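Residue-level listing of the chains:
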Amino acid sequence: MDIAYYIIPIFLAFALILGIKKNSYSLFLEGAKTGIDTALTIFPYILAMIFATKLLEASMFLMYVFKNFDFPYLLILEGVFRPMSNNASLSILMEIFVKYGVDSKVGIVGSVLQGATETSFYIVAVYYGAIGVKKYPYSLMMAIISDVIIFSFSLVLFYFLL
C-alpha cells in the first residue's frame, strides 16, 4: 500500500490532537476577524484597480493605437493589460483563443505572455497600499523590466521561433 493513503488520516489526527490541546474555535474566530479586516483594508485598492482597468479597456483607445501594427493587436493588448489586471488579460487571451485558435502561433505567444508575466501594478496598488509600503519604486521598476523582457521575448518567439 502506498504512503499517500496514510497522509490524510495522519493529518486529520494531528489536527484533532492540536484542536484538543488549544481552543480551536476561538482561534478560528480570531482568524476570521483578521481575514475580514484584511479584506476591508484591501477592498478600496482592488476597486480602484478594477475601475481603472475596465475604463481603459472600455475606451478602446489601445485598440485604435495598436491595430495598425504588423504584430496582432490582441497580443499587444494582452501585454499592456497583464501588468494591470489578470482578469482583463485572461479575457483578452480567451478572445485570442476564439479568434486564432489555441494551437495557433498567436495563441501560443499569448499563453507565454500570460504565464510568464505578473500583475505588477496590481500587486503594488493593492498589496503595497494595504500594508502601507511607501518605498516601492525599485521593486516596481524590476517588475516592469521583467515584463518588458518577457514581452520582447514573445516578439522574438512570434517572428523567429514559431
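The structure we're discussing is the one just above.
This text gives an overview of the structure that appears in the document. Residue numbering note: each chain is counted from 1, following its sequence as written. Local features in a predicted model are, by the rule used here, given only for residues with pLDDT of at least 70; side-chain atom pairs are given and counted only at 80 or more, and totals for whole chains, interfaces and linings are based on all residues. Side-chain measures were taken over the full set of non-hydrogen atoms in the model, leaving aside hydrogen atoms and water.

Moving on: the overall build of the protein chain. The numbering of helices and of strands both runs from the N terminus, where a helix is a DSSP run of H or I of at least 4 residues and a strand a run of E of at least 2. When its secondary structure is counted, the protein chain shows eight helices and zero strands. Starting at the N terminus, the α and β elements of the protein chain follow one another as α-α-α-α-α-α-α-α. The C-alpha atoms of the protein chain give a radius of gyration of 22 Å, which is well past the 15 Å a tight globule of 162 residues would have. A principal-axis box enclosing the C-alpha atoms of the protein chain has dimensions of 65 × 50 × 30 Å. For the protein chain, buried positions account for 26% of its 162 residues. Note on contacts: a residue pair qualifies if any of its non-hydrogen atoms lie within 4.5 Å across the two residues. For the protein chain, contacts bridging at least 24 residues in sequence account for 66% of all contacts bridging at least 6. With an accessible surface of roughly 11200 Å², the protein chain has 73% of that area assigned to carbon and sulfur atoms. Put simply, the protein chain has 10 plus and 10 minus side-chain charges, and the middle of one group is 8 Å from the middle of the other. Atoms considered for the radius of gyration are the C-alpha atoms alone. The globule rule reads 2.2 Å times the number of residues to the power 0.38. Accessible area is worked out with a 1.4 Å probe on protein chains only. A residue is then buried under 20% of its type maximum, exposed over 50%, and partly exposed in between. Note that accessible areas follow from Shrake-Rupley with a 1.4 Å probe, and for residues the cover is restricted to the protein chains shown. Charge counting follows a simple rule: Lys and Arg are positive, Asp and Glu are negative, and His as well as the terminal groups are ignored. By convention, the charge on Lys lies at NZ, on Arg at CZ, on Asp at CG and on Glu at CD.

Helix length check: helix H7 (residues 120-131), at 12 residues, gives a terminal C-alpha distance of 16 Å against a target of 16 Å (1.5 Å per residue), a fit within 8%. Considered for burial, the residues of H7 that qualify are Ser120, Val124 and Val126. Just past H7, the residue glycine 132 takes up positive phi, approximately 80 degrees. Every helix has an expected span of 1.5 Å times one less than the residues it contains.

Moving on: a nonpolar patch on the surface. Together, Ile3, Tyr5, Tyr6, Ile7, Ile8, Ile10, Phe11 and Leu12 give the surface a local cluster of nonpolar side chains, amounting to about 940 Å² of exposed area. Along the chain, the position of leucine 12 falls in helix H1 (residues 4-21). Within the patch definition used here, like charges are joined within 9 Å and nonpolar side chains (Val, Leu, Ile, Met, Phe, Trp, Tyr) within 5 Å, considering only residues with over 30% relative accessible area and no salt bridge. Definition used for salt bridges: Asp or Glu carboxyl oxygen within 4 Å of a side-chain nitrogen of Lys or Arg.

As a further point, take the layout of surface pockets. Roughly 220 Å³ of volume is contained in the largest pocket. Listed by contribution, the elements that provide at least two residues to the lining of the largest pocket are helix H4 (73-81) and helix H8 (137-161). For the lining of the largest pocket, the element with the highest residue contribution is H8, accounting for four residues. For the lining of the largest pocket, the per-class residue count stands at nine nonpolar, two polar and two charged. Buried and open spaces are told apart on a 1 Å grid over the protein atoms alone, a cavity being a set of points where a 1.4 Å probe fits but cannot get out and a pocket being an open set with protein on both sides within 12 Å along at least five of seven lines. Residues with an atom within 4 Å of a point are the lining residues. Grid points are joined across faces, edges and corners, and a volume is the space filled by probe spheres set on the points. As a working rule, the residues Ala, Val, Leu, Ile, Met, Phe, Trp, Tyr, Cys and Pro are called nonpolar, Asp, Glu, Lys and Arg charged, and the rest polar, with Gly in that last group.

Here, nonpolar core refers to any group of buried Ala, Val, Leu, Ile, Met, Phe, Trp, Tyr and Cys residues whose side-chain atoms link them within 4.5 Å. Core analysis: the biggest nonpolar cluster contains 22 residues, and Leu75, Leu77 and Phe81 have the highest contact counts within it. Put simply, the parts of the chain that give this core at least two residues each are helix H2 (24-59), helix H3 (61-66), H4, helix H5 (86-100), helix H6 (105-116) and H8. Residues contacting phenylalanine 81, with those up to four places away along its chain left out, are Thr53, Leu56, Glu57, Leu62, Ala88, Ser89 and Ile92.

By convention, a stacked pair of Phe, Tyr or Trp rings (six-membered ring in the case of Trp) has centres within 6.5 Å and planes under 30 degrees apart, an edge-to-face pair has planes over 60 apart, and any other such pair is tilted. Under the defined criterion, the tally for this structure stands at three aromatic pairs. On the basis of an interplanar angle of 85 degrees and a centroid distance of 6.2 Å, the ring pair of tyrosine 122 and tyrosine 127 is categorised as edge-to-face. Residue class for tyrosine 122 comes out partly exposed when judged on its relative accessible area of 22%. With centroids separated by 6.1 Å and ring planes inclined at 55 degrees, the aromatic side chains of tyrosine 128 and tyrosine 136 adopt a geometry described as tilted. Over a ring means this: the NZ of a Lys or the CZ of an Arg is within 6 Å of the ring centre and within 35 degrees of the ring normal. Sitting over the face of the ring of phenylalanine 158, lysine 105 holds its NZ or CZ atom 4.6 Å from the ring centroid.

Turning to H4, a few remarks are in order. Since the α-helix packs 3.6 residues into each turn, any two residues three or four apart lie on the same face. Of all nine residues in H4, seven are buried; the element is thus mostly enclosed. Buried residues of H4: Tyr73, Leu74, Leu75, Ile76, Leu77, Glu78 and Phe81, and no others.

Turning next to the packing of H4 against H5. Where H4 meets H5, the closest approach of the two axes is 8 Å, and the angle between their N-to-C directions is 165 degrees. In terms of orientation, H4 and H5 fall into the roughly antiparallel class. Once H4 is placed against H5, the crossing between them reads as left-handed. Residues Tyr73, Leu74, Leu75, Leu77, Glu78 and Phe81 of H4 pack against Ala88, Ser89, Ile92, Leu93, Glu95, Ile96, Lys99 and Tyr100 of H5. Residue composition of the contact of H4 with H5, grouped by class: 10 nonpolar, one polar and three charged. Axis geometry follows a simple rule: fit a line to the C-alpha atoms, using only the stretch in contact for helices, then measure angles between N-to-C directions, giving values from 0 to 180 degrees. Here roughly perpendicular refers to angles of 65 to 115 degrees, roughly parallel to angles under 35, roughly antiparallel to angles over 145, and oblique to all remaining angles. Crossing handedness is read from the near helix: turned anticlockwise from the far helix by less than a right angle, it gives a left-handed crossing, and turned clockwise, a right-handed one.

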